[in-house]
Amino acid sequence: MKTLRTFTLVALGCCIAHLCPVLAGEEIKYPSPDGRFALRITQSKDDEYHPTVDLIEKESGKVFVTLHGASDTDLFDASESVLVWSANSKSVAYGFRASPPGARILSLGALVCFWNGSGFDKVFLPENLPHPDIKFPKGKDESVKPYGGGAKPLRWLKSGDLEMSSEDMMLSRDSGKSYTGVLQFTISFDAQHHPAVKKVGKTKTEVEE
């Protein structure tokens, strides 16, 4: 019996050692103001660019919305994922980098979820969101290379509107300078949570050597 027990423990140890490389790492962050919900990133050690990103209930681990799934074919880096919560924890905006790891072109994305009493409903934002109008020196706008950009959530306003930032980056082939245009705008939602662009600010252009 002792020999069998020893063999069982050794076998179990070998099994655990064999499974360790594929066990998933888990990170929970961005809790809601009421502490009930959070973002959970589950990442396989053997496939770091196909993580699962869920909106969960912290205490139970119950998944309400899968924001990115491990079965998605596109490469995805979850390190830049963020949740922006409303003060009452009933509205949340998810911001993420949609471009694959190592890509030179940046692509930012966002979506919104609303609490319906028993779960969260996912709402996609309009495709044609406002984008910056970068100001180039006179005659310097013909030889520029796009470096990407996109929209990201900033904060929920007391009105229930979502304030967002849109960024666009360009590189001048002539001078080597990079131009980054930043534009803030707000999204409003009707009673059925249909989104609409409400207020658009002015582009601020930053120049770096």
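Before going into details, it helps to say that this report is about the structure given with it.

A short note on the overall build of the protein chain
Then, number 1: Each helix and strand in the protein chain was counted, giving 1 helix and 13 strands.
Then, number 2: The secondary structure elements of the protein chain, listed N-terminal to C-terminal, are α-β-β-β-β-β-β-β-β-β-β-β-β-β.
Then, number 3: When contacts within the protein chain are restricted to residue pairs at least 6 apart in sequence, those whose partners lie at least 24 apart make up 45%.

With respect to empty space enclosed by the protein
Then, number 1: Overall, the coordinates contain 1 cavity of 30 Å³ or more when judged by the stated rule.
Then, number 2: Of the volumes computed, that of the largest cavity is approximately 30 Å³.
Then, number 3: Every residue lining the largest cavity is listed: Tyr49, His50, Pro51, His68, Gly69, Asp72, Asp74 and Phe76.
Then, number 4: With 3 residues, the single largest contributor to the lining of the largest cavity is strand 3 (residues 47-57).

Some words on the environment of leucine 154
Then, number 1: In this structure, leucine 154 sits in strand 9 (residues 144-156).
Then, number 2: Judged by relative accessible area, leucine 154 falls into the partly exposed class, the value being 26%.
Then, number 3: Separated by 59 residues in sequence, leucine 154 and glycine 95 place their C-alpha atoms 9.1 Å apart.
Then, number 4: Setting aside residues up to four positions removed in sequence, leucine 154 forms contacts with Val84, Glu163, Met164, Ser165 and Gln184.

Re the environment of cysteine 113
Then, number 1: Mapping cysteine 113 onto the fold places it in strand 7 (residues 106-115).
Then, number 2: Cysteine 113 sits 21 residues away from valine 92 along the chain, and the two C-alpha atoms are 5.4 Å apart.
Then, number 3: Not counting residues up to four positions away in its chain, the partners in contact with cysteine 113 are Leu55, Val65, Leu67, Lys90, Ser91, Val92, Phe120, Asp121 and Lys122.

Describing the pattern of salt bridges
Pairing of side chains with opposite charge becomes possible as their charged atoms draw close.
Then, number 1: Under the defined criterion, the tally for this structure stands at 8 salt bridges.
Then, number 2: When the shortest N-O distance is used, the salt bridge between arginine 40 and aspartate 54 registers 3.5 Å. Within this pair, whereas arginine 40 is found in strand 2 (residues 37-44), its partner aspartate 54 is found in strand 3, the two being separated by 14 residues in sequence.
Then, number 3: The exposure class assigned to aspartate 54 is buried, which follows from its relative accessible area of 4%.
Then, number 4: One salt bridge in this structure joins aspartate 161 and lysine 198, with 2.9 Å as the shortest N-O distance.

Things to note about the nonpolar core
Then, number 1: Formed by 19 residues in total, the largest nonpolar core has its most connected members in Val53, Leu55, Leu67, Leu83, Tyr94, Cys113 and Phe120.
Then, number 2: With near-sequence residues (within four places) excluded, tyrosine 94 lies in contact with Leu39, Val53, Leu67, His68, Phe76, Ser81, Val82, Leu83, Gly109, Ala110, Leu111 and Pro153.
Then, number 3: Core analysis: the second largest hydrophobic core is formed by 15 residues, Val84, Val112, Leu125 and Met164 among them.

Observations concerning the layout of surface pockets
Then, number 1: Computed from the structure, the largest pocket encloses a volume of approximately 560 Å³.
Then, number 2: Around the largest pocket sit 26 residues that line it, and Phe96, Ala98, Leu108, Gly109 and Ala110 are the ones nearest its centre.
Then, number 3: Looking at the lining of the largest pocket, the elements with two or more residues in it are strand 4 (63-68), strand 7 and strand 9.
Then, number 4: Ranked by the residues each element gives to the lining of the largest pocket, the list is headed by strand 7, at 5 residues.
Then, number 5: Each residue belonging to the lining of the largest pocket can be placed in one class, and the counts come to 14 nonpolar, 9 polar and 3 charged.

Criteria and cut-off values
As a convention, each chain's residues are numbered from 1 in the sequence order in which they are written. Restriction of local features to residues with pLDDT of at least 70 applies here, the model being predicted, together with a cutoff of 80 or more for giving and counting side-chain atom pairs; totals for whole chains, interfaces and linings are based on all residues. Heavy atoms throughout the structure, all of them, feed into the side-chain values; hydrogens and water do not. Helix and strand labels come from DSSP, where a helix needs a run of H or I of at least four residues and a strand needs a run of E of at least two; each type is numbered from the N terminus. Residue contacts are defined here by distance: any two heavy atoms, one from each residue, within 4.5 Å place the two residues in contact. Using a grid of 1 Å spacing that covers the protein atoms alone, one calls a set of points a cavity when a 1.4 Å probe fits there but cannot get out, and a pocket when the set is open and has protein on both sides within 12 Å along at least five of seven lines; lining residues are those with an atom within 4 Å of a point. Grid points are joined across faces, edges and corners, and a volume is the space filled by probe spheres set on the points. Whether a residue is buried, partly exposed or exposed follows from its accessible area with a 1.4 Å probe, protein chains only, as a fraction of its type maximum: under 20%, in between, or over 50%, in that order. Any Lys or Arg side-chain nitrogen found within 4 Å of a carboxyl oxygen on Asp or Glu counts as a salt bridge. Side-chain atoms within 4.5 Å are what join buried Ala, Val, Leu, Ile, Met, Phe, Trp, Tyr and Cys residues into a set we call a nonpolar core. Throughout this entry, Asp, Glu, Lys and Arg are counted as charged residues, while Ala, Val, Leu, Ile, Met, Phe, Trp, Tyr, Cys and Pro are counted as nonpolar. The remaining residues, Gly among them, count as polar.

Distances and angles like these do not, on their own, reveal function.
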